[in-house]
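Survey of secondary and tertiary structure
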Amino acid sequence: MKQDEINVILDSFFITKSELDQRDSFNEFSHSISSIIVDGFAKDYLLNNKFLSVYLAHTDGSMLLKKIKTFIAFILTAPVDEEYVKRIHSIGFIHYSIKLDPAKVSYGFWAINEVLNKLAITNNLVSKNKQLISKLLKFVEHIMNDGYYMQENKQQNESTNELDNLNIQNELYAGFSMHKLNLQKIELAIADGKDIKYLDNITNSPSKCPFGKIIDKIKENNKHEYILGISAQQIQSMHNQWHLDFIKLKEAMKNDDKSGVNKYSKSIKHITKELSVLLNLSLKDSMEDGQLSLHSGMKAMNKMTKLFYKKDYHRFEDIEPKDIIANAIENTILCEFSWIIKKIDIDYDERKEMKNIISKSIRFNSKNIFIYIELKDNQNIAYLNEITTLLLEVLELHFFVQERELSLIKFADEAESANKSKDMFLANMSHELRTPINAITGFSQILMIRKDTPDKVKKYVEKINIAGNNLLELVNTILDFAKLESGKMQFNPSLNSIASIFNEVKTLIVPLAKKKNIELLMPKIISLSLYIDPTLFKQVLINLLTNAIKFTHEDGKVSLDINYNEKSHSYNFEIKDDGVGLDKNEISKLFQAFSQVDNVYQKDQKGSGLGLMICKSIIEDLHNGKIWVESIKGEGSSFFIEMPTPIIESNTFTISKAPKGAKNILIVEDSLEYQKILIENLQDTYILTITDTINKAKELVIINNYTFLILDFFLTDGISSEILQFMESENINIPSIVISAEDEIHISSSLSGSTNLQCIVNKNDVNRICNSIRGEKYKADSIS
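We now turn to the structure provided with this report. As the structure is a prediction and not an experimental result, all values here were calculated from the model.

1. Let's talk about the sheet that holds strand 2 (residues 357–364)
The three strands lie next to each other as 1-3-2, forming an open sheet whose pairing is antiparallel. At either margin of the open sheet sits one strand with a lone partner, and together these are strand 1 (341–347) and strand 2. Each strand axis lies, on average, 15 degrees off the axis of its neighbour in the sheet, ignoring direction. Alignment of strand 2 against strand 3 (residues 367–375), held across eight bridges, turns out to be antiparallel. Across the sheet, the residue bridging to Ile362 is Ile369, located in strand 3. Lying on the sheet, helix 14 (residues 321–337) is in contact with strand 1, strand 2 and strand 3; it crosses strand 1 at an angle near 165 degrees.

2. Considerations on the sheet that holds strand 7 (residues 557–565)
The sheet built from five strands is open, its strands ordered 5-7-8-10-9 with mixed pairing. Both outer strands of the open sheet, strand 5 (519–521) and strand 9 (626–632), are each paired with one neighbouring strand and no more. Sheet twist, expressed as the mean angle between neighbouring strand axes with direction ignored, is 15 degrees. The sheet contacts of helix 20 (residues 611–622) involve strand 9 and strand 10 (636–644), and relative to strand 9 the element is tilted by about 135 degrees.

3. Overview of the pairing of strand 14 (residues 708–712)
Of all five residues making up strand 14, five are buried, and the element is well covered by its neighbours. Both faces of strand 14 are covered, namely the face carrying Phe708, Ile710 and Asp712 and the face carrying Leu709 and Leu711. The pairing of strand 12 (residues 664–668) with strand 14 spans four bridges and is classified as parallel. Bridge pairing links Leu666 to Leu709 in strand 14. The pairing of strand 14 with strand 17 (residues 736–740) spans four bridges and is parallel. Directly across from Ile710, in strand 17, lies its bridge partner Ile737.

4. Things to note about the pairing of strand 2
Only one face of strand 2 is buried, namely the one carrying Ile358, Lys360, Ile362 and Phe364, since none of Ile357, Ser359, Ser361 and Arg363 on the opposite face is buried. Between the antiparallel neighbours strand 2 and strand 3 lie two residues, among them Asn365 with a positive phi of about 55 degrees.

5. A short note on the packing of helix 9 (residues 210–220) against helix 10 (residues 232–254)
At a minimum axis separation of 10 Å, helix 9 and helix 10 run at an interaxial angle of 155 degrees. Overall, the two elements helix 9 and helix 10 adopt an arrangement that is roughly antiparallel. In the crossing of helix 9 with helix 10, the sense of the turn from one axis to the other is left-handed. In this structure, helix 9 uses Phe211, Gly212, Ile215, Asp216, Ile218 and Lys219 to contact helix 10, whose residues at the interface are Ala232, Gln233, Ile235, Gln236 and His239. For the contact of helix 9 with helix 10, the per-class residue count stands at five nonpolar, four polar and two charged.

6. Some details on unusual backbone geometry
Note: most peptide bonds trans; most residues except glycine with negative phi. In this structure, Asp555 takes a positive phi of about 65 degrees despite not being glycine. The topology assignment puts Asp555 in the loop between helix 18 (534–550) and strand 7. One non-glycine residue, Asn731, adopts positive backbone phi at about 55 degrees.

7. Some details on helix 21 (residues 672–682)
For helix 21, the full list of buried residues reads Tyr674, Gln675, Leu678, Ile679 and Leu682. The buried side chains of helix 21 occupy one side of the element, clustering within an arc of 135 degrees when seen end-on. Seen from the open side of helix 21, the exposed residues pointing more than 90 degrees away from its buried face are Leu672, Glu673, Lys676 and Glu680. Elements that come into contact with the buried residues of helix 21 comprise strand 11 (653–655), strand 12, strand 13 (687–691), strand 14, strand 17 and helix 25 (766–773).

8. Points about the nonpolar core
In this structure, Phe537, Leu541, Tyr571, Phe573, Ile575, Ile641 and Leu709 are the most contacted members of the largest nonpolar core, which totals 65 residues. Ranked by the residues each element gives to this core, the list is headed by helix 18, at eight residues. Listed in part, the 47 residues of the second largest apolar core include Ile33, Ile36, Ala78 and Ala120.

Thresholds, definitions, all that
Residues numbered from 1 in each chain as written. Predicted model: local features only at pLDDT ≥ 70, side-chain atom pairs only at ≥ 80, totals over all residues. Heavy atoms only, no water. Pairing = 2+ DSSP bridges. Helix = DSSP H or I, 4+ residues; strand = E, 2+ residues; numbered from the N terminus. Axes fitted to C-alpha atoms, helices over the stretch in contact; angles between N-to-C directions. Contact = heavy atoms within 4.5 Å. Buried < 20%, exposed > 50% of the residue type's maximum accessible area, 1.4 Å probe, protein only. Parallel < 35°, antiparallel > 145°, perpendicular 65-115°, else oblique. Left-handed = near helix turned anticlockwise from the far one by under 90°. Nonpolar A, V, L, I, M, F, W, Y, C, P; charged D, E, K, R; others polar. Arc of directions from axis to C-beta. Core = buried A, V, L, I, M, F, W, Y, C linked by side-chain atoms within 4.5 Å.

Below, the structure written as structure tokens:
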């Protein structure tokens, strides 16, 4: 592609020269920006898309991602010239070779653009140039897919040329076969003394003759002339003479001129023989090796394949089944084998078996349709019989599949209708069941607190109240299950404090633990917020903790803990007990609907068997997380919840109240409360930049010079060790303090190995943090 053509395409994407020059600002940061973009693309789109991830099965995934990162950096910085386009075209060629079609490539570019939009929220450089980068990506997508289509067209042209040659041979052979049949007809008419009208269906005009038409076609396009082996003009002259002699022959027959009849019939016979000798030399392979028959079979099979993709279901009810079958045969078998098919019949009635007739019955639309095909004599008749029979078998399969799919569509419609009826039924039952149950529990509570209710009656009322609450809980659980099954469970994720959720859960769980004198251990303070649906996540924790208490003996222990997994970039919650435990068979059935494990301690309390299945759907289907259990029979169980850290919007701002020339501090903290505390203590001495996500922090430490970093340990999108590791890999040296409300010893293993880390400080000791930064006397908690 020449530069002028490239400029035209750039103009069509509204990319100006000044915008291309503007890319100079990317040079320094192109590697980091492309790394962040590709990491987000791989994590959120590539690895989770079954249509794209299949291309990673036979390649080195990490190497591929490195190449994509290098390519993104190339897009952002390289001159947009002929070499630029050539490289992008070459990638399109590769996509064609591995069958990665343009639709999937376009999806990939869309996904990268989505990552770019999220990155623009936290990255000033990307935010400033987002429109230009988006236009560049669209331009590159167009060029890349253009490369795919270039390669596809090249391949198709090669195949088309080959098929054209075969078609020419096919038509040439079929046309000349007609001439030989015409000669036989002429000889028969002369020998039997038939009327001249017997020859009326033989055309006088050489240009209307099938053989003449193909000769004209060869003359028009001389690339096919090699097929003849001689001049098309020479063949055409002989053919024209054949028809001139035929006209004179009919005239002689009309005038009963025996001498003329003998003369012109001999000439026609001689010309036919000469043409046969000449064409036999060029069509030897087609006629002797069955290339014509093979080619017709291949073309018919190709048409049959296309027929499979037709979905004209509506026509089944409007047209006779026999006519539908006839139309399919006409468009597949008949159109390619017309030169060899003598007769074809399609009927509802079965006939007796006939010699040299290919027969097939097809059951379609509740009717039996019988097909009868008779072929002309041919040296490849055995092959032609087999291929025709095979095509009829394929045709039968096609109509079987069509009818099966139609029945599935009808079944799906009926199922959808039934599903709507089920939803309506559940909605009505929700109202009809909850109303009387609420009345039962409400009135039983009133009777329990009234002073005039006899003590003997109160005992029965209490049992009624307990049974009513259990029934209401059962109804609510079944309705939750139905909502999840129908995809109608309300899911409202937002940024929520894990500490607040833990406190609410603890309030409900502590009374249950105290009843059995079970020690309940939960983190004291968790300075972490996650993007979750608080109501649903709370429901999961309550369910798991309730089960843990239910299956743990008195004086046992149940704990809830949280850790960060750097490999999977996720927060892992663990609910652990030292109760009855589970064997492998019980674990395999644990998350199935209506499945329960016997509780040896509370056999009198039975549930719906849906709780854990609902938990699994909430975590995995709605939150894209993972839930599993590890257990040993008789020793206890641990339920794990893995919650991925998503890319979220960053809230970043700067405070410049300090004197001119003051040093810069970056604070990475997602708690508004601690942000305010640190700002209040440091804003008069330092210029402060505050952000609440890891990705934004990475971008800030690349483009700005900071004197100090204050890093919260738990952050919404990971833990602060990721920032420290990033600075190590980029050779960025900034003294850093990690602050945490958790035990320093507990988190130190996640932070060791960083040359930038100065110390870990508890959040509660704000004065020590601020004093150490200001250089006042302070003894740090060192990290080995």
